[in-house]
Amino acid sequence: MFWLLALLLLVVLGWRGWGWWLARQSHLAADARADAEQWRALDARIDALRRDQRAQAQRIAQADATNRVLRDEVLGLGQRAALLQDSVDKLADPTRHGVQALRLDEVELLLTLGGQRLQVAGDLDGARRAYALAAGVLDGIDDPAWLDLRQALVQERAALDALGADPKSVALARIDAFAATLAPPSALPEDTRDAALPWWRRAFARIVEVRPSHRDIAVAPDDRAAGYAALQLELTLARSAGERRDSDAWRSALERADGWLARLWPPSPAAQRQRAQLKALQSLPLQLALPTLGSTLQQLQSMRAAR
């Protein structure tokens with residue numbers, strides 16, 4: 001019995017020791033898992049802190065760049081304020097005649113605008129108005145040193161007034177009037193002349209066909225219609241050249257139109273008058289002949305540079 005009790009005691013002690021060892025191992029595994037979770041959480045927090053640090057570094061760099069830009073803008077504003085103050089001081093300086101300088105600037109601007117309106121756009125009325133405004137502003141300057149400039153402006157305005165109408169407008173109006181006098185092929189003299197003939201001539205006209213001896217005259221209706229369309233096209237090209245003030249293209253188009261006139265209308269007093277009108281149109285000027293244009297502006301600029 002003693003040995004049985006001892007064996008039973010050993011079994012009980014072994015079972016208890018095994019249970020304690022298993023509990024110990026499970027506790028150690030739980031502690032290892034907890035430690036691993038803590039390490040992972042710590043790594044995540046460290047990564048978050050690193051991201052925050054990088055974001056803060058970027059914000060600091062952006063703030064530094066913004067501060068540099070703002071500093072440059074503040075310096076630029078200071079320089080502009082200094083320039084404005086300098087300009088105001090110069091205008092307020094009685095020795096520099098600030099009001100007179102402003103009026104001279106306005107006169108120079110008006111003269112420049114008038115010359116550009118005349119040379120670029122061909123606006124003669126606009127140029128005259130600009131020169132009249134410049135003369136009004138120049139009359140407000142009491143300094144006798146600008147008397148020569150005032151006299152030059154009066155002479156240039158007189159030259160502008162002596163031009164009359166714009167040559168381009170006159171030429172375009174005359175070519176439009178000439179085109180309006182041209183009858184279409186259906187109403188050409190060859191078609192309407194038979195209505196005034198006696199009845200016996202009209203009766204024999206059905207038997208005997210009369211053709212002009214000049215072979216250049218177009219007789220067939222299709223040829224006459226095509227010739228009339230070509231004539232209108234040449235007149236349109238002449239108008240386009242007149243708008244551009246292209247004298248060579250203007251004369252070339254009218255010469256070609258004269259050739260179509262000779263092909264459409266047989267020699268007659270009316271045809272001679274039409275061709276004479278075309279010749280007169282060819283000799284019309286398109287450019288503005290004003291040698292003194294811009295002389296007042298040049299004199300003003302030279303006088304201001306000398307002062």
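Note that this is a predicted model, so its numbers are computed, not measured. (Residues numbered from 1 in each chain as written. Predicted model: local features only at pLDDT ≥ 70, side-chain atom pairs only at ≥ 80, totals over all residues. Heavy atoms only, no water.)

**Here's the deal with helix α3 (residues 124–139)**
For step 1, the next point in the chain: Taking 1.5 Å per residue as the helical rise, α3 with its 16 residues ought to reach 22 Å, and the 23 Å between its terminal C-alpha atoms agrees with that figure.
For step 2, the next point in the chain: Every buried residue belonging to α3 is among L124, G126, A127, A130, Y131, A134, A135, V137 and L138, and all of these are buried. (Helix = DSSP H or I, 4+ residues; strand = E, 2+ residues; numbered from the N terminus. Expected span 1.5 Å × (residues − 1). Buried < 20%, exposed > 50% of the residue type's maximum accessible area, 1.4 Å probe, protein only.)

**Some thoughts on the packing of helix α9 (residues 247–264) against helix α10 (residues 269–282)**
For step 1, the next point in the chain: Close contact between α9 and α10 brings their axes to 9 Å; oriented N to C, the two are set at 175°. On the basis of their axis angle, the class for α9 and α10 is roughly antiparallel. Between α9 and α10, the residues in contact are W250, R251, L254, E255, A257, D258, L261 and A262 and Q274, R275, L278, K279, L281 and Q282, respectively.
For step 2, the next point in the chain: Broken down by class, the residue content of the contact of α9 with α10 amounts to 7 nonpolar, 2 polar and 5 charged. (Axes fitted to C-alpha atoms, helices over the stretch in contact; angles between N-to-C directions. Parallel < 35°, antiparallel > 145°, perpendicular 65-115°, else oblique. Contact = heavy atoms within 4.5 Å. Nonpolar A, V, L, I, M, F, W, Y, C, P; charged D, E, K, R; others polar.)

**Considerations on the pattern of salt bridges**
For step 1, the next point in the chain: Tallied over the entire structure, the rule returns 6 salt bridges.
For step 2, the next point in the chain: With a shortest N-O distance of 3.5 Å, D139 and R150 are connected by a salt bridge. With D139 in helix α3 and R150 in helix α4 (residues 147–162), the pair connects residues that are 11 residues apart, well separated along the chain.
For step 3, the next point in the chain: R150 gets classed as buried once you look at its relative accessible area, which sits at 19%.
For step 4, the next point in the chain: Here R256 ties to E234 by a salt bridge, and the two come within 2.7 Å at their closest N and O atoms. On the criterion of sequence distance, the pair formed by R256 in helix α9 and E234 in helix α8 (residues 221–244) is long-range, its members being 22 residues apart.
For step 5, the next point in the chain: Assessed through its relative accessible area of 10%, E234 is described here as buried. (Salt bridge = Lys/Arg side-chain N within 4 Å of Asp/Glu carboxyl O.)

**Observations regarding the packing of aromatic side chains**
For step 1, the next point in the chain: On inspection of all chains with the given rule, the structure shows 2 aromatic pairs.
For step 2, the next point in the chain: When the centroid spacing of 5.4 Å and the interplanar angle of 25° are considered together, the rings of W18 and W21 count as stacked. On the criterion of helical spacing, the pair formed by W18 and W21 is a turn pair, its members being 3 residues apart in helix α1 (residues 2–92). (Phe/Tyr/Trp six-rings, centres within 6.5 Å; stacked < 30°, edge-to-face > 60°.)

**Concerning the environment of L124**
For step 1, the next point in the chain: Turning to its location among the elements, L124 is positioned in helix α3.
For step 2, the next point in the chain: Taking the relative accessible area as the measure of exposure, L124 reaches 5% and is therefore buried.

**So, the nonpolar core**
For step 1, the next point in the chain: In terms of nonpolar packing, the biggest core is built from 22 residues, with L182, L235, W250, L254 and L281 touching the most fellow members.
For step 2, the next point in the chain: Mapped by element, the contributors of at least two residues to this core are α5 (167–181), α8, α9 and α10.
For step 3, the next point in the chain: Apart from the residues lying within four places of it in its own chain, the contact partners of L254 are I175, L235, A238, L278, L281 and Q282.
For step 4, the next point in the chain: Among the nonpolar cores identified, the runner-up in size contains 21 residues, and L118, L124, I141 and W146 belong to it. (Core = buried A, V, L, I, M, F, W, Y, C linked by side-chain atoms within 4.5 Å.)

**Structural notes on the confidence of the model for the protein chain**
For step 1, the next point in the chain: Scored by pLDDT, the protein chain has a mean of 79; 83% of the residues are at 70 or more.
For step 2, the next point in the chain: In this model, residues 187–193 is a region of pLDDT below 50 whose contacts with residues beyond four sequence positions or in other chains number 10 contacts. (pLDDT = per-residue confidence, 0-100.)

**Points about a nonpolar patch on the surface**
For step 1, the next point in the chain: Together, L7, L9, L10, V11 and L13 give the surface a local cluster of nonpolar side chains, amounting to about 510 Å² of exposed area.
For step 2, the next point in the chain: In this fold, L10 is placed in helix α1. (Patch = residues over 30% accessible without salt bridge, like charges linked within 9 Å, V, L, I, M, F, W, Y side chains within 5 Å. Areas by Shrake-Rupley, 256 points an atom, 1.4 Å probe, with all protein chains shown as cover.)

**Focus on the environment of Q155**
For step 1, the next point in the chain: As for its placement among the helices and strands, Q155 is situated in helix α4.
For step 2, the next point in the chain: Among the residues examined, Q155 registers a relative accessible area of 53% and is labelled exposed.
For step 3, the next point in the chain: Placed 141 residues apart in sequence, Q155 and T296 show a C-alpha to C-alpha distance of 9.0 Å.

**Examining the packing of α5 against α8**
For step 1, the next point in the chain: At a closest axis distance of 9 Å, the pairing of α5 and α8 adopts a crossing angle of 170°. If you check the angle between α5 and α8, you find them roughly antiparallel. In this structure, α5 contributes K168, L172, I175, D176, F178 and A179 to the contact, and α8 contributes L235, A238, R239, G242 and E243.
For step 2, the next point in the chain: The residue makeup of the contact of α5 with α8, split by class, is 6 nonpolar, 1 polar and 4 charged.

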